[in-house]
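Observations on chain architecture
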Amino acid sequence: MSISALKFVRAVGIADGVSLLVLLFIAMPMKYMAGMPLAVSIVGAIHGGIFVTYVLALLLAQIVVRWNIIWSVLGVAAAFVPFANFFLDRKFKKMQKEREEETSIQVVS
């Protein structure tokens, strides 16, 4: 279950990072340079939904994986910084790989 929680956090984290970049680098310029405020309304709503899902995924991982609360705090902080989710995903991927190796060792033993 902990591996599934990490995969879910990683997937939603990447989605959050991509939606933030779309909001900042596509929708915002469309609003201010092309006079299309609807772009921010639509992309902002989508990003907000993904962000809420990401926070819930971090909470789930906090409970299931029982990692240090620092990882959840870093996850939330990374959601506000462009490209930060992608760097944090590297660490989550490493954690996932380590847990998969631990699981395979326990199954073989």
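It should be noted that the structure appears before, not after, this text.
Residues numbered from 1 in each chain as written. Predicted model: local features only at pLDDT ≥ 70, side-chain atom pairs only at ≥ 80, totals over all residues. Heavy atoms only, no water.

1. Observations concerning a nonpolar patch on the surface
To keep it simple, the criterion reads: By definition, no residue in a patch forms a salt bridge, and every one has over 30% relative accessible area; like charges are joined within 9 Å, nonpolar side chains (Val, Leu, Ile, Met, Phe, Trp, Tyr) within 5 Å. All accessibility values rest on the Shrake-Rupley procedure with a 1.4 Å probe; residue burial counts only the protein chains present in the view. We define a salt bridge as a side-chain nitrogen of Lys or Arg found within 4 Å of a carboxyl oxygen belonging to Asp or Glu. Strands are runs of DSSP state E lasting at least two residues, helices are runs of H or I lasting at least four, and both sets are numbered from the N terminus onward.
Taken together, Leu24, Phe25, Ile26, Phe83 and Phe87 make up a surface patch of nonpolar side chains, about 520 Å² in accessible area. For the nonpolar patch, the leading source of residues is helix 1 (residues 2–33), giving three residues. Position of Phe87 among the secondary structure elements: in helix 4 (residues 84–108).

2. Focus: the environment of Gly13
Here is the rule we go by: Here, two residues are considered to be in contact whenever any of their heavy atoms come within 4.5 Å of each other.
Among the structural elements, Gly13 can be located in helix 1. Between the alpha carbons of Gly13 and Ala79 there is a distance of 7.8 Å; along the sequence they are 66 residues apart. Among residues more than four places away in sequence, those in contact with Gly13 are Tyr54 and Asn85.

3. Some thoughts on the pattern of salt bridges
Quick note on the threshold: Accessible area is worked out with a 1.4 Å probe on protein chains only. A residue is then buried under 20% of its type maximum, exposed over 50%, and partly exposed in between.
One pass over the structure, following the stated rule, counts one salt bridge. Between Arg10 and Asp89 there is a salt bridge whose closest N-O contact spans 2.8 Å. In this pair, Arg10 is assigned in helix 1 and Asp89 in helix 4, connecting sequence segments 79 residues apart. Of the two residues, Arg10 and Asp89, neither departs from the other in class, the shared state being buried.

4. Digging into unusual backbone geometry
Residues other than glycine seldom take positive phi values, yet Arg66 does so here, at roughly 60°. Relative to the helices and strands, Arg66 is located in the loop between helix 2 (37–64) and helix 3 (69–78). Of the residues examined, Arg66 reaches a relative accessible area of 71% and is grouped as exposed. A positive phi angle is found at Phe83, which is not glycine, with a value near 75°. Examined against the element boundaries, Phe83 turns out to sit in the loop between helix 3 and helix 4. With a relative accessible area of 43%, Phe83 lands in the partly exposed category.

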